[in-house]
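Fold and contact review
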Amino acid sequence: MAHDEWEHRFARRVRRARRYTPPGAWMPALPPGCVRLSAGYPAPDTVPVSELVDAAHRLMRREGDGPYQYLGSERAAQLPELLANRMRVRGIPAAPDQVLVTAGACQAIDLIAQVLLDDDTPVAVEAPTYMEALEVFRQYTDHILAYPVDGDGLMVEALADDLAQRRRRGLPLPRLLYTIPSSQNPTGTTMSPLRRRMLLELAEMYDFLIVEDDAYGELSFGSLIPPLASLDGWTPEPRRVVYVGSLSKVVAPGVRVGWIAGPRPLVEAAGWFKKDLGHPFAEAVVAEYLSAIDLDLRVRDLQRVYRQRAAWMELALRQHLPEGVSWFAPRGGYFIWVHTPGIHTAKRLPDALRAGVAYVPGRYFFQESGRPSDVPWLPGDEWLRLSFSYLSREEMDLGVRRLGDVLKKNR
Ligand SMILES: Cc1ncc(COP(=O)(O)O)c(C=O)c1O
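Basis of the calculations
Residues numbered from 1 in each chain as written. Predicted model: local features only at pLDDT ≥ 70, side-chain atom pairs only at ≥ 80, totals over all residues. Domains from an automatic or database assignment. Helix = DSSP H or I, 4+ residues; strand = E, 2+ residues; numbered from the N terminus. Nonpolar A, V, L, I, M, F, W, Y, C, P; charged D, E, K, R; others polar. Buried ≥ 20, exposed ≤ 12 C-beta atoms within 10 Å, placed from the backbone. Near = placed C-beta within 6 Å. Core = buried A, V, L, I, M, F, W, Y, C linked by C-beta atoms within 7 Å. Contact = placed C-beta atoms within 7 Å. Pairing = 2+ DSSP bridges. Right-handed = clockwise from strand over helix to strand, strands pointing away. Axes fitted to C-alpha atoms, helices over the stretch in contact; angles between N-to-C directions. Parallel < 35°, antiparallel > 145°, perpendicular 65-115°, else oblique. Expected span 1.5 Å × (residues − 1). Arc of directions from axis to C-beta.

Moving on to the domain arrangement of the protein. For the protein, the assigned domains are domain 1 (4-47 + 297-408) and domain 2 (51-292). Computed from C-alpha coordinates alone, the two centres of domain 1 and domain 2 are separated by 23 Å. Among the secondary structure elements, those contributing two or more residues to the side of domain 1 that touches domain 2 are helix 1 (12-18), helix 11 (295-320) and strand 11 (335-339). Considering every element that reaches the side of domain 1 that touches domain 2, the biggest residue donor is helix 11, with 7 residues. Broken down by class, the residue content of the side of domain 1 that touches domain 2 amounts to 20 nonpolar, 8 polar and 6 charged.

Below you can see the structure in the form of structure tokens.
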């Protein structure tokens, strides 16, 4: 059956999604030998392979077939408590029954969208923001509002101005705001403590919920700033913040363990829609692993590894990128957000791939890129995202040298 003939068979939600650029357009196939400066993957030698193997062995020796059964494993049942303990270290007093384990932060965001959004619910996001979250929100609502980010994270002052104007003019106000306040993807910036407080006040004033995506929250290069969720006066429910966590960056993305921590009614509703679409075996192995290791020590090691890699990449950028190109100094996480005045990074990508280097063009982190458009320049077209997390120093240097050559041509 031809593609178009399917149109009437799909649900409204799918028809809406099909009007957008297909998910993953930002990740083209790479030619052999291409240096992957695009990849937000953990450094290969930080993945705790042998510890996870040991954890799996211990688990099976102790629990036999349990982790393979529908009934699940005793150890996996402890995961919400282990995650709650971890959040407590960061000042978030969530109880285990306020935690829903999900298949990564992505499923957490998807479940939150499923239970909170109607077709026309206004959702506020950062501009730029994590493109997969944008893809998820687009599947549920047509109404996405975007607010700029600077070196101190989301520009809460701009948000406040716009909300006041919207209220004055009787325009719809966001019901939900999605933010990555710490080591943001793609900018690497961190929201200042003052802005965090202002954002919580705005949420009260305008009655919206904040989804705090804390995927990189522990991977800061300086002192850790308290998460929004820790400032939210749990009495005993949080007032405004729905916290999304992930073990992808501190353990490994392939275990697909993330979570929601928030008000019990929300966690319960998200659980209905999650059904049993989790990974009990992986959850059990991860819970066993977390019970056995010193996570503080591991997090400190990871901070050191990524701080070092970010410094190497900045050195390479200074050496190889043309005059006029600048970037936000990353405060943590995996990424550097690079400004390329006059250079259209989406149009330049095929040249870069041929030259053997991949990056993510900046447009994909903005809502406007979702729909085909004749506008020659979209927001983000003079920006690109590089990742320093995955590559060795030599690979990174080679990739940035190739990128510099591409950017210097036909400026
Ligand atoms: C901001 C942000 N949130 C969530 C994720 C994905 O997390 P998970 O692997 O737990 O789905 C990423 C991964 O790149 C991310 O950058």
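That covers the picture; the talk isn't over yet.
Turning our eyes to something else, we now look at unusual backbone geometry. A cis amide bond links alanine 127 to the next residue, proline 128, at an omega of 10°. Following the sequence through the fold, proline 128 ends up in the loop between strand 3 (123-127) and helix 6 (131-140). Note the cis peptide between asparagine 185 and proline 186, where omega equals 15°. Of note, aspartate 207 is a non-glycine position whose phi angle comes to about 55°, a positive value. For aspartate 207, the position within the fold is in the loop between helix 8 (193-206) and strand 7 (209-213). Positive phi, close to 50°, is recorded for lysine 275, a residue that is not glycine. Taking the number of C-beta atoms within 10 Å as the measure of exposure, lysine 275 has 7 and is therefore exposed.

All right, on to the site of the ligand then. Taken together, 13 residues lie around the ligand, and Gly104, Ala105, Cys106, Ser246 and Ser248 are the ones closest in. Of the residues in the shell around the ligand, the class split is 6 nonpolar, 6 polar and 1 charged.

Before going further, it helps to examine the nonpolar core. Grouped burial of nonpolar side chains is what soluble globular proteins tend to show. Formed by 110 residues in total, the largest nonpolar core has its most connected members in Ile260 and Val286. The two domains that each donate at least three residues to this core are domain 1 (4-47 + 297-408) and domain 2 (51-292). Beyond its immediate sequence surroundings of up to four residues, valine 286 is in contact with Leu79, Leu247, Val251, Val255 and Val257.

Assignment of secondary structure puts leucine 386 in strand 14 (residues 383-387). According to the C-beta neighbour criterion, leucine 386 is buried, with 28 such atoms within 10 Å. Measuring from C-alpha to C-alpha, the distance between leucine 386 and glycine 362 comes to 9.9 Å, with 24 residues separating the pair along the chain. The residues touching leucine 386, leaving out its near neighbours within four places in the chain, are Leu37, Met313, Phe335, Ile336, Val338 and Tyr359.

With that settled, the discussion passes to the sheet that holds strand 11. In space, the 4 strands of this open sheet follow the order 10-11-14-13, with antiparallel pairing throughout. Edge strands, defined here as strands with exactly one partner in the open sheet, are strand 10 (326-327) and strand 13 (360-361). Relative to strand 14, strand 13 runs antiparallel, the two being bridged by 2 bridges. Residue pairing in the sheet places valine 360 in a bridge with arginine 385 of strand 14.

On to the pairing of strand 4 (residues 144-150), then. Alignment of strand 3 against strand 4, held across 5 bridges, turns out to be parallel. Residue pairing for strand 4: valine 123 is matched across the bridge by isoleucine 144. Bridging between strand 4 and strand 5 (residues 153-154) involves 2 bridges; their strand directions are antiparallel. What sits directly across from valine 149, in strand 5, is leucine 154. In sequence, strand 4 turns back onto strand 5 through a hairpin of 2 residues.

Time to look at the pairing of strand 7. With 5 of 5 residues buried, strand 7 lies mostly within the body of the structure. Of the two faces of strand 7, the one carrying Leu209, Val211 and Asp213 and the one carrying Ile210 and Glu212 are both buried. Regarding topology, helix 8 serves as the crossover connection from strand 6 (residues 176-179) to the parallel strand 7, and that connection is right-handed. By the bridge criterion, 4 bridges tie strand 7 to strand 8 (residues 241-246) in an arrangement that is parallel. Looking at strand 8, one finds that aspartate 213 is bridged to valine 244.

Where helix 2 (residues 49-63) contacts helix 10 (residues 280-292), the two axes come as close as 8 Å, and the packing angle between them is 105°. By the angle class used here, helix 2 and helix 10 are roughly perpendicular. Of the residues in helix 10, those touching helix 2 at Glu51, Leu52, Ala55, Ala56, Arg58 and Leu59 are Ala284, Val285, Glu288, Tyr289 and Ala292. For the contact of helix 2 with helix 10, a count of residues per class yields 8 nonpolar, no polar and 3 charged.

Time to look at helix 13 (residues 393-408). Residues lying three or four places apart along an α-helix face the same way, a consequence of the helix completing one turn every 3.6 residues. Across its 16 residues, helix 13 extends 22 Å between first and last C-alpha, which sits within 8% of the 22 Å expected from 1.5 Å per residue. Considered for burial, the residues of helix 13 that qualify are Met396, Gly399, Val400, Arg402, Leu403, Val406 and Leu407. The buried residues of helix 13 all sit within an arc of 160° when viewed along its axis, so they share a single face. Contacts made by the buried residues of helix 13 are with strand 1 (35-36), helix 11, helix 12 (345-355) and strand 12 (357-358).

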